Amino acid sequence: MYELLKKDGMAKRGTFHTVHGPIQTPVFMNVGTAAAIKGGVSTNDLKEIKCQVQLSNTYHLHVRTGDVTIKKLGGLHKFMVWDRPILTDSGGFQVFSLAALRKIKEEGVYFSSHIDGHKIFMGPEESMQIQSNLSSTIAMAFDECPPIPATRKYVIDSVDRTTRWLERCRKELNHLNTLESTINNRQMLFGINQGGVYDDIRIEHAKVIGDMNLDGYAIGGLAVGESHDEMYRILESTVPYMPENKPTYLMGVGTPENILEAVERGVDFFDCVYPTRNGRHGHVYTNHGKMNIYNAKFELDERPIEEGCGCEACKSYSRSYIRHLMKAKEMLGMRLCVMHNLYFYNTMMEEIRDAIENGKYKTYKKAKIEGMNSN
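To keep things clear, this report deals only with the structure shown in the data block. (Residues numbered from 1 in each chain as written. Predicted model: local features only at pLDDT ≥ 70, side-chain atom pairs only at ≥ 80, totals over all residues. Heavy atoms only, no water.)

## Considering the pattern of salt bridges
Using the criterion set out here, one finds 22 salt bridges in the structure. With a closest N to O distance of 2.7 Å, Arg 161 and Glu 144 form a salt bridge. Taken together, the positions of Arg 161 in helix 7 (residues 152-176) and Glu 144 in the loop between strand 10 (138-140) and helix 7 put the pair 17 residues apart, joining distant regions of the chain. An identical accessibility class is assigned to Arg 161 and Glu 144; each is buried. (Salt bridge = Lys/Arg side-chain N within 4 Å of Asp/Glu carboxyl O. Helix = DSSP H or I, 4+ residues; strand = E, 2+ residues; numbered from the N terminus. Buried < 20%, exposed > 50% of the residue type's maximum accessible area, 1.4 Å probe, protein only.)

Here you go:
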């Protein structure tokens, strides 16, 4: 259940109640595709860096180690020793990114594993079964992510199929939640809005799926090639037609500035690989912009990555030492950069929630963006 606590313009502050505990929104979900955060970050670390929700991927866990195996081991929470909410992406985006390896049919998608090439079929029912086996808190509906650019006719046909698939997902998950063998029989379902960069298709689809009374709604198919201005325009036109009493999730987004702009347009949930991927390459986020720790100017810099930051890296280590670790290819350097970046994102979300509660979100957003662009 989603509890809307405060609005500041379109920005929403809420609590999403789940079987694995409440989620304070807006929230950034830390991406652990294969049931682990890349960079040597443990689930105990995630609690230290204020992670509320961990996100794993249906497709990747299905092909390795296998959802049936994970179910036998007690489900994803027990498997990775995490007692807070988990969202599982349906695998749709990963499947559709394998353009040369897949064939779309009404029943689902036939494709080849990117690991060993073996043939796999996944449709709405299969995606729900896999996610039920994983026993995540929130399951995402199986959808098609149309490419950008795509013709209007292609997008309409694709969206119509996504709607039919969503109906099948809901029916299958409702059934799975009644089975005694199901580990989490209170698994939630989020539907996904699609429509490319066509405002009217997006709006109509938002109305259609909004009437299905799901647990939450995502906006998919963005941050896949369109400009930031196009993305913001789609959010401005589409989000007002999403149910206000349900969380709205912008999938795969994004930079701190993207998140700040999307919150102002009514988005509650975010996920993105940027903080972990950039951290593994020595790029760290600060309130004064992104920093490349490899730069020679940090060789003798005894300051932390960011003064006043409460993460493990900043409390204990200097820029100079972390630069040394990265250049020496020591895993600790990567881990510290990833930890810092996730702490930065999760702390920013705390600040966002406070600003909305205090009715000062526009002022906060402006100052935050100006600070990050001041470097």
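## Quick look at the side chain of Thr 276
Mapping Thr 276 onto the fold places it in helix 11 (residues 274-280). Residue classification places Thr 276 among the buried residues on the basis of a relative accessible area of 5%. Here Val 273 takes part through its backbone oxygen, which lies 3.0 Å from a polar atom of the side chain of Thr 276. (Polar contact = N/O pair within 3.5 Å; in protein donor to acceptor, adjacent residues only side chain to side chain.)

## With respect to the environment of Asp 8
Among the secondary structure elements, Asp 8 is positioned in strand 1 (residues 2-8). Considering only alpha carbons, one finds Asp 8 and Tyr 361, 353 residues apart in sequence, at a separation of 6.7 Å. Beyond its immediate sequence surroundings of up to four residues, Asp 8 is in contact with Ala 355, Ile 356, Gly 359, Lys 360 and Tyr 361. There is a polar contact of 2.8 Å between the side chain of Asp 8 and the backbone nitrogen of Tyr 361. (Contact = heavy atoms within 4.5 Å.)

## Re the sheet that holds strand 2 (residues 11-16)
Taken together, the three strands give an open sheet; going across it, the order is 1-2-3, and neighbouring strands pair in antiparallel fashion. Of all the strands in the sheet, just strand 1 and strand 3 (23-25) have a single pairing partner and so form its edges. Pairwise comparison of adjacent strand axes, ignoring direction, gives a mean angle of 15° for this sheet. For strand 2 and strand 3, the ladder comprises three bridges, and the chain directions are antiparallel. Bridge pairing in strand 3 links Gly 14 to Thr 25. (Pairing = 2+ DSSP bridges. Axes fitted to C-alpha atoms, helices over the stretch in contact; angles between N-to-C directions.)

## A short note on the nonpolar core
Counting 84 residues, the largest nonpolar core has Leu 235, Leu 250, Ile 259, Phe 270, Ile 352 and Tyr 361 as the members making the most contacts within it. Residue contributions to this core peak at 13 residues, all from helix 14 (residues 331-357). In this structure Tyr 361 touches Asp 8, Ala 11, Ile 259, Leu 260, Val 263, Glu 264, Ile 352, Ala 355 and Ile 356, once residues within four positions along its chain are discounted. In this structure, Val 31, Ile 138, Phe 190 and Phe 269 belong to the second largest nonpolar core, which totals 18 residues. (Core = buried A, V, L, I, M, F, W, Y, C linked by side-chain atoms within 4.5 Å.)

## Focus on unusual backbone geometry
With an omega dihedral of 0°, the bond running from Thr 25 to Pro 26 counts as a cis peptide bond. Secondary-structure assignment places Pro 26 in the loop between strand 3 and strand 4 (27-31). Put simply, Arg 64 and Thr 65 share a cis peptide bond, and its omega is 15°. Within the secondary structure layout, Thr 65 lies in the loop between helix 2 (58-63) and helix 3 (67-72). Of note in the backbone geometry, Ala 35 takes a positive phi value of approximately 70° without being a glycine. Within the secondary structure layout, Ala 35 lies in the loop between strand 4 and helix 1 (43-48). We classify Ala 35 as buried; its relative accessible area is 12%.

## Quick look at helix 15 (residues 361-372)
Taking 1.5 Å of rise per residue, the 12 residues of helix 15 would be expected to cover 16 Å, and the 16 Å separating its terminal C-alpha atoms lies within 8% of that figure. Every buried residue of helix 15 is listed here: Tyr 361, Tyr 364, Lys 365, Lys 368, Ile 369, Gly 371 and Met 372. For helix 15, the arc enclosing every buried residue in end-on projection is 160°, short of the 170-degree limit, so these residues lie on one face. In this structure, helix 15 carries Lys 362, Thr 363 and Lys 366 as exposed residues pointing more than 90 degrees from its buried face. (Expected span 1.5 Å × (residues − 1). Arc of directions from axis to C-beta.)

So far we have only geometry, and geometry alone does not tell us how the molecule works.
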